[in-house]
Amino acid sequence: MTCRILIVEDDNDMIESLKGAFSRLLVECEVFPCGFADAAKKIAEILPDVAVLDIFEDQITGESIDAVQLPLAYIWNQHFCPIVFHSAHPLEQYSSDNHPFVRCETKGGGSLERVAAHIKEFAPEIDGLRAIRDELSRSIHETLVKVTPLIWQPGKS
């Protein structure tokens, strides 16, 4: 099965480097890049199996803005999936949780390969999350088929 990878990153060169590493090192994957501003919308649209998140949006002025909070909140609250933080900035805040579905990599030599390795390591969890989502969807479907005739009456609101 194809792994759907979302990359939230503000550097187009880094996006292309990650895409290249994934195409070389991962068997089957679809990669969906986006910026910080549209990340939540993109997550809802593609329902990724794993998200690779930069943390700071580096501005032309040289200032860095912690921009990962909205996409991260969407993942925790709406569409849970494994996360690999990939940033040139310190990662202590994100690595201190020791969550089993979170990995952190500092950008630099070999980091692209390590990000791909983390995604490979998440394969059993990705399969498990897919199975859970499928089962929940089937349960919701069965429940709606049985309950809707009891709740909705044709022509009545």
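Because the structure is predicted, anything quoted here is derived from the model rather than measured. (Residues numbered from 1 in each chain as written. Predicted model: local features only at pLDDT ≥ 70, side-chain atom pairs only at ≥ 80, totals over all residues. Heavy atoms only, no water.)

## Overview of the packing of aromatic side chains
Phase 1 of the analysis: Under the counting rule described, the total for this entry stands at three aromatic pairs.
Phase 2 of the analysis: Taking the centre distance of 5.3 Å and the plane angle of 35° together, the rings of Phe80 and Phe101 count as tilted. Residue Phe80 is found in the loop between helix H3 (69–77) and strand E6 (83–87), and its partner Phe101 is found in the loop between helix H4 (92–95) and strand E7 (102–106); the two are separated by 21 residues along the sequence.
Phase 3 of the analysis: A relative accessible area of 24% means that Phe80 is categorised as partly exposed.
Phase 4 of the analysis: We classify Phe101 as buried; its relative accessible area is 16%. (Phe/Tyr/Trp six-rings, centres within 6.5 Å; stacked < 30°, edge-to-face > 60°. Helix = DSSP H or I, 4+ residues; strand = E, 2+ residues; numbered from the N terminus. Buried < 20%, exposed > 50% of the residue type's maximum accessible area, 1.4 Å probe, protein only.)

## What about the sheet that holds strand E2 (residues 29–34)?
Phase 1 of the analysis: Judged by pairing direction, the sheet is parallel, and its five strands sit side by side in the order E2-E1-E3-E6-E7 without closing on themselves. Taken across any chain shown, the strands that pair with only one partner, and hence form the sheet edges, are E2 and E7. In this sheet, neighbouring strand axes are inclined to one another by 20° on average, regardless of whether the strands run parallel or antiparallel.
Phase 2 of the analysis: Here four bridges tie strand E1 (residues 3–8) to strand E3 (residues 50–53), and the two strands are oriented parallel to one another. Residue pairing across strands places Val8 opposite Leu53, the latter belonging to E3.
Phase 3 of the analysis: Packing against the sheet, H3 makes contact with E1, E3, E6 and E7, and its axis sits at approximately 170° to E6.
Phase 4 of the analysis: Helix H5 (residues 111–121) rests against E1, E3, E6 and E7 of the sheet, and its axis sits at about 170° to E7. (Pairing = 2+ DSSP bridges. Axes fitted to C-alpha atoms, helices over the stretch in contact; angles between N-to-C directions. Contact = heavy atoms within 4.5 Å.)

## Topic: a negative patch on the surface
Phase 1 of the analysis: Taken together, the side chains of Asp11, Asp13, Glu57 and Asp58 define an acidic patch exposed on the protein surface.
Phase 2 of the analysis: Mapping Glu57 onto the fold places it in strand E4 (residues 56–58).
Phase 3 of the analysis: Residue classification places Glu57 among the partly exposed positions, given a relative accessible area of 30%. (Patch = residues over 30% accessible without salt bridge, like charges linked within 9 Å, V, L, I, M, F, W, Y side chains within 5 Å. Areas by Shrake-Rupley, 256 points an atom, 1.4 Å probe, with all protein chains shown as cover. Salt bridge = Lys/Arg side-chain N within 4 Å of Asp/Glu carboxyl O. Lys, Arg positive; Asp, Glu negative; His and termini not counted. Charge placed at Lys NZ, Arg CZ, Asp CG, Glu CD.)

## Observations regarding the pattern of salt bridges
Phase 1 of the analysis: For the structure shown, the criterion picks out nine salt bridges.
Phase 2 of the analysis: Of the charged contacts, one joins Glu16 and Lys19 as a salt bridge, the two residues approaching to 3.7 Å between their closest N and O atoms. In this pair, Glu16 and Lys19 both sit in helix H1 (residues 12–25), three residues apart, roughly one turn of the helix.
Phase 3 of the analysis: Its salt-bridge partner being Asp54, residue Lys107 comes within 3.4 Å of it at the nearest N-O pair. Taken together, the positions of Lys107 in the loop between E7 and H5 and Asp54 in the loop between E3 and E4 put the pair 53 residues apart, joining distant regions of the chain. Accessibility assignment for this pair places Lys107 and Asp54 in one class, buried.
Phase 4 of the analysis: Linked by salt bridges that have partners in common, Glu9, Asp54 and Lys107 make up one network.

## Notes on the pairing of E1
Phase 1 of the analysis: Most of E1 sits out of view: five of its six residues are buried.
Phase 2 of the analysis: Pairing of E1 with E2, which is carried by six bridges, proceeds in the parallel orientation. Counterpart to Arg4 in the pairing with E2 is Glu30.
Phase 3 of the analysis: Handedness of the crossover joining E1 and E2 through H1 is recorded here as right-handed. (Right-handed = clockwise from strand over helix to strand, strands pointing away.)

## What to know about the confidence of the model for the protein
Phase 1 of the analysis: Overall, the prediction assigns the protein a mean pLDDT of 90, with 94% of residues at 70 or greater.
Phase 2 of the analysis: Here strand E5 (residues 64–66) is the element of the protein with the lowest mean pLDDT, 71, and E3 is the one with the highest, 98. (pLDDT = per-residue confidence, 0-100.)

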